[in-house]
Amino acid sequence: MRVNQTFLAAWPLFSGLLLLTAGNGLQGTLLGLRATAEGFGTATTGVIMSLYYAGFLLGTVLCPRLVKGVGHIRVFTGFCALAASTALILGLFVTPLLWALLRPVAGFCFAGIYIVVESWLNDLSTRATRGRIMGLYLLTYYFGVVIGQYLLNLAPPEQIEPFVVVAILISLAVLPVALSPRPAPQFSAPAPAPLGTLFRLAPLGIIGVCATGIGSSAFYTIGPGYAAQSGMDTASVANFIAAFTLGGELGQKPLGAL
């Protein structure tokens, strides 16, 4: 199957992914701004936001088994519903403890969602097209995050409306995937690969992923609050986060060619 044919077959996944990343991109920056406005403090905000990645890490271990057991579409719709509900609760009850409890839940949900999308795209791809399809996947992902930043301008972060927008976007992502006429692929839970084995096979990859993960997660976690405390308004914060993300997106093509 050629790249164009694969993209046409996978358009429900790309559509759902765009909505999801717009909602999640908006949510990440929104929470940083709201935490700053509520006076949570840098350390508290950092812990709360980093717990998302703790839940995500746990999801990468457990969710493949869940996908194998109940299927792609059920996992996707279930986790989208839970992630949307989590976003609404975060907007309704602004307390550090509750946010610390719910952020890992959101991370776990998005780990399962991304596993569904990526494994489905992998099934649709061939060895000849897989690199370009995953490149399109990343372009869609980052474009959604950029869109999410500019949705910050719809309402002040101190109001409930931005959280409602997050929930709406995540909920709408279910439609193209659930109504897709193409059947979900068969899925086998992957065999675990010890970190030491991975390091021996690709040491530069492991080091690079760890370094960029630390840097980018720190930026997305503390960046919005830093920008707000530096005197930027909401529109400027959106530009600040979007510029970082857009730089990563524009770099995909030249770095891929290199």
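Residues numbered from 1 in each chain as written. Predicted model: local features only at pLDDT ≥ 70, side-chain atom pairs only at ≥ 80, totals over all residues. Heavy atoms only, no water.

## Some details on the overall build of the chain
Within the chain one finds twelve helices and zero strands. In the chain, the succession of α and β elements from N to C terminus is α-α-α-α-α-α-α-α-α-α-α-α. Relative to the 2.2 N^0.38 estimate, which gives 18 Å for 258 residues, the radius of gyration of the chain is 18 Å and therefore close to what a compact globule would have. Seen through its C-alpha atoms, the chain measures out along the principal axes to roughly 50 × 40 × 35 Å. Across the 258 residues that make up the chain, the buried fraction comes to 41%. Contacts in the chain between residues far apart in sequence, at least 24 positions, make up 83% of those at least 6 positions apart. For the chain, the exposed area adds up to about 13000 Å²; of that, 69% sits on carbon and sulfur atoms. Here the chain carries 12 positive and 7 negative side-chain charges, and the mean point of each set is 22 Å from the other. (Helix = DSSP H or I, 4+ residues; strand = E, 2+ residues; numbered from the N terminus. Rg over C-alpha atoms; globule rule 2.2 N^0.38 Å. Buried < 20%, exposed > 50% of the residue type's maximum accessible area, 1.4 Å probe, protein only. Contact = heavy atoms within 4.5 Å. Areas by Shrake-Rupley, 256 points an atom, 1.4 Å probe, with all protein chains shown as cover. Lys, Arg positive; Asp, Glu negative; His and termini not counted. Charge placed at Lys NZ, Arg CZ, Asp CG, Glu CD.)

## A few points about the packing of helix α4 (residues 72-92) against helix α7 (residues 161-172)
Orientation of α4 relative to α7, taken along the N-to-C sense of each, is 175°, at an axis distance of 8 Å. With respect to each other, α4 and α7 are oriented roughly antiparallel. Residues C80, A83, A84, A87, L88, L90 and G91 of α4 touch α7, and the partners they reach there are F163, V164, V166, A167, I170 and S171. Taken together, the residues that form the contact of α4 with α7 break down as eleven nonpolar, two polar and no charged. (Axes fitted to C-alpha atoms, helices over the stretch in contact; angles between N-to-C directions. Parallel < 35°, antiparallel > 145°, perpendicular 65-115°, else oblique. Nonpolar A, V, L, I, M, F, W, Y, C, P; charged D, E, K, R; others polar.)

## With respect to the confidence of the model for the chain
Mean pLDDT over the chain works out to 87, with 93% of the residues at or above the 70 mark. In the model of the chain, helix α1 (residues 3-9) stands out as the element of lowest mean pLDDT, 65, in contrast to α7, which has the highest, 95. (pLDDT = per-residue confidence, 0-100.)

## Observations regarding the packing of helix α2 (residues 11-37) against helix α6 (residues 130-150)
For the pair α2 and α6, interaxial distance at closest approach is 7 Å and the crossing angle is 40°. It follows that α2 is oblique to α6 by the angle criterion. Classified by chirality, the crossing of α6 by α2 is right-handed. Here F14, L17, L18, T21, A22, G25, L26 and T29 of α2 come into contact with α6, specifically with I133, L136, Y137, T140, Y141, F143, G144, V145, I147, G148 and Q149. (Left-handed = near helix turned anticlockwise from the far one by under 90°.)

## Section: the environment of L26
Position of L26 among the secondary structure elements: in helix α2. Taking the C-alpha atoms as reference, L26 lies 8.1 Å from P162; in sequence the two are 136 residues apart. The residues contacting L26, other than those within four sequence positions of it, are G148, Q149, L151, L152, P162, V165 and V166.

## Observations concerning the environment of L169
Position of L169 relative to the elements: it lies in helix α7. You can call L169 buried: its relative accessible area is 14%. Taking the C-alpha atoms as reference, L169 lies 17 Å from V117; in sequence the two are 52 residues apart.

## Let's talk about the packing of aromatic side chains
This model, assessed by the stated rule, comprises 13 aromatic pairs. The interplanar angle of 45° and the centroid separation of 6.1 Å between the aromatic rings of F56 and Y114 together place this pair among those described as tilted. Separated by 58 residues along the polypeptide, F56 in helix α3 (residues 42-70) and Y114 in helix α5 (residues 96-124) bring together distant segments of the chain. Exposure remark for F56: the relative accessible area of 24% places this residue in the partly exposed category. A connected cluster of aromatic rings, assembled from ring pairs, spans Y52, Y53, F56, F110, Y114, Y141 and Y142. (Phe/Tyr/Trp six-rings, centres within 6.5 Å; stacked < 30°, edge-to-face > 60°.)

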